[in-house]
Amino acid sequence: MQGANNFFPAEPRPQRTPISRSLLIPLTSPEATAAEPHLDTLAVNAAFTLAFAAFLRMGEFTFPVSALSDRRRLQHEHLTVPRVKVATDHLVLVLPRSKTDKFNQGITIRVARVGDEACAGTHMRRWLAARPRSDWPPLLTPLFEFTDSVPFTKDKVIAILRQRLTNIGEPSDTFAGHSFRRGAAQHALESGLSEDEIQELGRWKSEAVKRYYQRTPQAIVDLNQQFQTGRPLPATVQFAV
């Protein structure tokens, strides 16, 4: 099988550009959200910051149009209003279903509140305070919806993401749903978290986590310097070209 794969390699999957935390903040700015209805802006800001902070897959915070025709299924498979609780220093998110939750027991994710414009707790509180009341009970109401109860679908959310990127002068074609999860993993690595810690935060059950981040060439040089000298490279050291 490996020999066959070597002779007939699969087509490479397109690599999605990660959304860094430094890009996440302008993505929620007035410049990025120009012309959006105010409630849509609040919903998308909450979704984007939550997707990054909780390492979410796109399918974990969006839902298909068909889900609205079976509210009981919506309740058991997608995020509804009671699935999130915002406390003083963190928020608690309960995913009713996830890729790695084989027995559909639900997964609880805790996200710290950090107080800046990338803070999921801040944006979630704004959205929950302004969210229009629904005729459906909270448990049967999607956590995120657009104006006039337009479904929070993957395609529409990606379209808004790309429009916001265009609004702030960023190329948008290589960004997609997994950009948030990929960006979260990359940011975690650059913040000094270990692979085990990244794997735990992102709920990876295998070494697939390694596909979500990569070390920069300079980081490899620094690691090699540490290997050869037995001590970390001082941050102030610079090399002449």
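Refer to the structure above for everything that follows.
Secondary structure summary: the protein contains nine helices and three strands in total. Along its sequence from the N terminus, the protein presents helices and strands in the succession α-α-α-α-β-β-β-α-α-α-α-α. Principal-axis analysis of the C-alpha atoms gives the protein an extent of 65 × 45 × 35 Å. Expressed as a percentage of the 241 residues in the protein, the buried residues total 40%. Contacts in the protein between residues far apart in sequence, at least 24 positions, make up 63% of those at least 6 positions apart. For the protein, the computed accessible surface area is about 14200 Å², with 54% contributed by carbon and sulfur atoms. One finds the centroid of the 30 positive side-chain charges in the protein at a distance of 5 Å from the centroid of its 24 negative side-chain charges.

We now examine the packing of helix H3 (residues 38-53) against helix H7 (residues 179-190). Close contact between H3 and H7 brings their axes to 7 Å; oriented N to C, the two are set at 45°. In terms of orientation, H3 lies oblique with respect to H7. Every pair of crossing elements has a handedness; the one defined by H3 and H7 is right-handed. Residues Phe 48, Ala 51 and Phe 52 of H3 form the contact with H7, whose participating residues are Phe 180, Gly 183, Ala 184 and His 187. Grouping the amino acids of the contact of H3 with H7 by side-chain chemistry returns five nonpolar, two polar and no charged.

It is worth spelling out unusual backbone geometry at this point. Phi at Ala 35 takes a positive value of approximately 80°, unusual for a residue other than glycine. Secondary-structure assignment places Ala 35 in the loop between helix H2 (21-27) and H3. Phi angles above zero are rare outside glycine, and Asp 148 is one such case at about 60°. Relative to the assigned elements, Asp 148 resides in the loop between helix H5 (120-130) and helix H6 (154-167). Given the relative accessible area of 72%, Asp 148 is considered exposed.

Between two packed helices, both the angle of their axes relative to each other and the distance between the axes serve to describe the pair. Between H3 and H5, the shortest axis-to-axis distance is 8 Å and the interhelical angle comes to 150°. When the axes of H3 and H5 are compared, the crossing they make is left-handed. For the pair formed by H3 and H5, the contact residues are Leu 39, Leu 42, Ala 43, Asn 45, Ala 46, Thr 49, Leu 50 and Ala 53 on the first element and Ala 120, His 123, Met 124, Arg 126, Trp 127 and Ala 130 on the second. Class assignment for the residues of the contact of H3 with H5 results in 10 nonpolar, three polar and one charged.

Here the structure, examined in full by the defined rule, presents four aromatic pairs. Grouped by ring-pair contacts, the aromatic residues Phe 144, Phe 146 and Phe 152 constitute a single cluster. One cation-aromatic arrangement involves Lys 156 over Phe 146; the distance from NZ or CZ to the ring centre is 5.0 Å. Of note, Arg 181 hangs over the ring of Trp 204, and the distance from its end group to the ring centre comes to 4.0 Å.

Moving on, we get to the nonpolar core. One finds Phe 61, Phe 144 and Phe 152 to be the most contacted residues of the largest nonpolar core, which totals 54 residues. Elements represented by at least two residues in this core include exactly H2, H3, strand E2 (90-95), strand E3 (107-112), H5, H6 and H7. By residue number, the principal contributor to this core is H3, which donates nine residues. Setting aside residues up to four positions removed in sequence, Phe 152 forms contacts with Ala 43, Val 44, Ala 47, Phe 61, Thr 62, Phe 63, Phe 144, Glu 145, Phe 146 and Val 157.

Take the side chain of Gln 199 next. Structurally, the position occupied by Gln 199 is in helix H8 (residues 195-202). Not counting residues up to four positions away in its chain, the partners in contact with Gln 199 are Trp 204, Lys 205, Ser 206 and Val 209.

About the cut-offs
- Residues numbered from 1 in each chain as written.
- Predicted model: local features only at pLDDT ≥ 70, side-chain atom pairs only at ≥ 80, totals over all residues.
- Heavy atoms only, no water.
- Helix = DSSP H or I, 4+ residues; strand = E, 2+ residues; numbered from the N terminus.
- Buried < 20%, exposed > 50% of the residue type's maximum accessible area, 1.4 Å probe, protein only.
- Contact = heavy atoms within 4.5 Å.
- Areas by Shrake-Rupley, 256 points an atom, 1.4 Å probe, with all protein chains shown as cover.
- Lys, Arg positive; Asp, Glu negative; His and termini not counted.
- Charge placed at Lys NZ, Arg CZ, Asp CG, Glu CD.
- Axes fitted to C-alpha atoms, helices over the stretch in contact; angles between N-to-C directions.
- Parallel < 35°, antiparallel > 145°, perpendicular 65-115°, else oblique.
- Left-handed = near helix turned anticlockwise from the far one by under 90°.
- Nonpolar A, V, L, I, M, F, W, Y, C, P; charged D, E, K, R; others polar.
- Phe/Tyr/Trp six-rings, centres within 6.5 Å; stacked < 30°, edge-to-face > 60°.
- Lys NZ or Arg CZ within 6 Å of the ring centre and 35° of its normal.
- Core = buried A, V, L, I, M, F, W, Y, C linked by side-chain atoms within 4.5 Å.

These results come straight from atomic positions and should not be treated as a statement about function.
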